[in-house]
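The residues making up each chain are set out below.
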Amino acid sequence: MDNGMDTRRTTRALATEAVHAGRDDLAGLGLHAPPIDLSTTYPSYDSRAEAARIDAFATTGAEPDGPPVYGRLGNPTVARFETALARLEGTEAAVAFASGMAALSAVLLVRASMGLRHVVAVRPLYGCSDHLLTAGLLGSEVTWTDPAGVADALRPDTGLVLVESPANPTLAEIDLRAVAHACGSVPLLVDNTFATPVLQRPVEQGARLVLHSATKYLGGHGDVLAGVVACDEEFAGRLRQVRFATGGVLHPLAGYLLLRGLSTLPVRVRAASANAAELATRLAADPRVARVHYPSIGGAMVAFEVHGDPHEVIAGVRLITPAVSLGSVDSLIQHPASISHRIVDAGDRRDAGVSDRLLRLSVGLEDVEDLWSDLDRALGTSSARPARSEAMAQG
């Protein structure tokens, strides 16, 4: 839809784009805060013109000029968030969905509709992403490989290569530029949920599609469920058609909250990352911790394996919340083998580095000393063990 916003590329810094992208037209409208359009339908007194707009959408998936026809076709508030996220990721467009899994499903359906049902993927991925591919719930077939094996795994019917870097939950990192080169003409989709565009922009390294569970850092406050794919306009058109047909739309209030969340994204990510780096250093020096995983690009996620019972650590925290999800202003901890990756076969989990003693910590904005005090208490008073010879593992 034409919302009057200037979507031309600029040289503005990411922090500036985070505050202003998607809002460029507000002053001209006499507004300061973005409006929330809760309409499900829109009046039109010219049914012939309406039919032409619907035909155009059915052909290309391009956003129609003027107001939407129906809330499933599009929404002006959601469009503001899409515009802003595309600017932050450096893509032509972005398409938002009701959840991250709805967004990934739409990508798979687009490729399947073209007869390209085969997916090449690298573990670890988020557990539900792994399950969606492994179970073939959308008729897809997956070949699991390591990054070096991507080129050899490609087939004539390969429609997508899927990676996550840093990966959930081990924080393993992938050379995205090398993988993109190995993909050839097959689109590379990078799940950028953990890194956010603050830490990396995968399209600059050759990815065609960038996936976010916007529930996490983009929203940032644990109060919105959403997903989004940043991509070129051609692929965005196909995604909009799938969204219209399947109904996985994002509610306008969620779109508003996400746009608001983006304005503080750089500040939140950098502050939480500083806390995480400090906690990772302290955990790496703690004899009760067997191994620490922290990405070389930084970020607010830390994974660590304990010598003792990880369930006792979960039960022992008081300030940190034991809960699924991540990317909120408050810190969360969970045991992946029991929750986020429980749905993945146990052998596959272990092969991907998701051990039964691994804990995943999403570090928030609390004072780092308070966070360490809580972790130290939860780790307990087990007898000291010999210092480890291994350094902190980089993802």
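Each remark here, short or long, concerns the structure printed above.
Only a predicted model underlies this, so the values are computations on that prediction, with no experimental measurement involved. (Residues numbered from 1 in each chain as written. Predicted model: local features only at pLDDT ≥ 70, side-chain atom pairs only at ≥ 80, totals over all residues. Heavy atoms only, no water.)

### Description of the packing of aromatic side chains
Evaluation of the coordinates by the stated rule reveals 1 aromatic pair. Aromatic side chains phenylalanine 57 and phenylalanine 244 sit 5.7 Å apart centroid to centroid with 75 degrees between the ring planes, which places their arrangement in the edge-to-face category. Taken together, the positions of phenylalanine 57 in helix 2 (residues 47-60) and phenylalanine 244 in helix 9 (residues 233-246) put the pair 187 residues apart, joining distant regions of the chain. Residue classification places phenylalanine 244 among the partly exposed positions, given a relative accessible area of 30%. Across from the ring centre of tryptophan 144, 3.8 Å away, lies the NZ or CZ of arginine 123, which sits over that ring. (Phe/Tyr/Trp six-rings, centres within 6.5 Å; stacked < 30°, edge-to-face > 60°. Helix = DSSP H or I, 4+ residues; strand = E, 2+ residues; numbered from the N terminus. Buried < 20%, exposed > 50% of the residue type's maximum accessible area, 1.4 Å probe, protein only. Lys NZ or Arg CZ within 6 Å of the ring centre and 35° of its normal.)

### Re the nonpolar core
Membership of the largest hydrophobic core comes to 37 residues, with the highest contact counts inside it found for Phe81, Leu218, Val228, Leu258 and Leu265. Looking at this core, the elements that each hand over two or more residues are helix 3 (76-89), strand 1 (93-97), strand 7 (227-231), helix 10 (252-262), helix 11 (265-284) and strand 9 (301-306). Non-local contacts of valine 228, meaning those with residues more than four positions away in its chain, are made with Phe81, Leu85, Ala94, Val95, Ala96, Ala103, Val210, Leu211, His212, Ala214 and Leu218. Among the nonpolar cores identified, the runner-up in size contains 26 residues, and Leu104, Leu132, Leu162 and Leu239 belong to it. (Core = buried A, V, L, I, M, F, W, Y, C linked by side-chain atoms within 4.5 Å. Contact = heavy atoms within 4.5 Å.)

### Structural notes on helix 10
Buried residues dominate helix 10, accounting for 9 of its 11 residues. Those residues of helix 10 lying buried are Pro252, Ala254, Gly255, Tyr256, Leu257, Leu258, Leu259, Gly261 and Leu262. Considering only its buried residues, helix 10 is in contact with helix 1 (14-20), helix 3 and helix 11.

### Side note on the environment of serine 296
Within the secondary structure layout, serine 296 lies in the loop between strand 8 (289-294) and strand 9. Separated by 17 residues in the primary sequence, serine 296 and valine 313 have C-alpha atoms spaced 26 Å apart.

### A look at the environment of alanine 21
Examined against the element boundaries, alanine 21 turns out to sit in the loop between helix 1 and helix 2. When the C-alpha positions of alanine 21 and threonine 83 are compared, they lie 6.9 Å apart, and in sequence the two are 62 residues distant. Leaving out residues up to four positions away in the same chain, alanine 21 has contacts with Arg12, Thr16, Ala84, Arg87 and Leu259.

### Considering the pattern of salt bridges
By the definition in use, this model includes 18 salt bridges. With its nearest N and O atoms 2.6 Å apart, the salt bridge here joins arginine 282 to glutamate 278. Highlighted residues: arginine 282 and glutamate 278, both in helix 11, separated by 4 residues, approximately one helical turn. Linked through salt bridges whose partners overlap, the residues forming this network are Arg12, Glu17, Asp24 and Arg87. (Salt bridge = Lys/Arg side-chain N within 4 Å of Asp/Glu carboxyl O.)

### With respect to helix 5 (residues 127-134)
Within helix 5 the residues assigned to the buried category are Gly127, Ser129, Asp130, Leu132 and Leu133. At the exit of helix 5 stands glycine 136, carrying a positive phi of roughly 60 degrees.

### Considering the packing of helix 4 (residues 100-112) against helix 9
The N-to-C vectors of helix 4 and helix 9 enclose an angle of 105 degrees; their axes lie 9 Å apart at closest approach. When the axis of helix 4 is compared with that of helix 9, the two are roughly perpendicular. For the pair helix 4 and helix 9, the contacting residues are Ala106, Val107, Leu109, Val110 and Arg111 in the first and Phe235, Arg238, Leu239, Val242 and Thr246 in the second. Looking at the contact of helix 4 with helix 9 residue by residue, the class counts come to 7 nonpolar, 1 polar and 2 charged. (Axes fitted to C-alpha atoms, helices over the stretch in contact; angles between N-to-C directions. Parallel < 35°, antiparallel > 145°, perpendicular 65-115°, else oblique. Nonpolar A, V, L, I, M, F, W, Y, C, P; charged D, E, K, R; others polar.)

### Some thoughts on the pairing of strand 7
Most of strand 7 is tucked away: 5 of the 5 residues are buried. Every second residue of strand 7 is oriented toward a common face, with Gly227, Val229 and Cys231 on one face and Val228 and Ala230 on the other, all of them buried. In the sheet, strand 1 pairs with strand 7 via 5 bridges, with the strands oriented antiparallel. When the sheet's bridge partners are listed, valine 95 is paired in strand 7 with valine 229. Pairing of strand 6 (residues 209-212) with strand 7, which is carried by 3 bridges, proceeds in the antiparallel orientation. Within the sheet, the bridge partner assigned to valine 210 lies in strand 7 and is alanine 230. (Pairing = 2+ DSSP bridges.)

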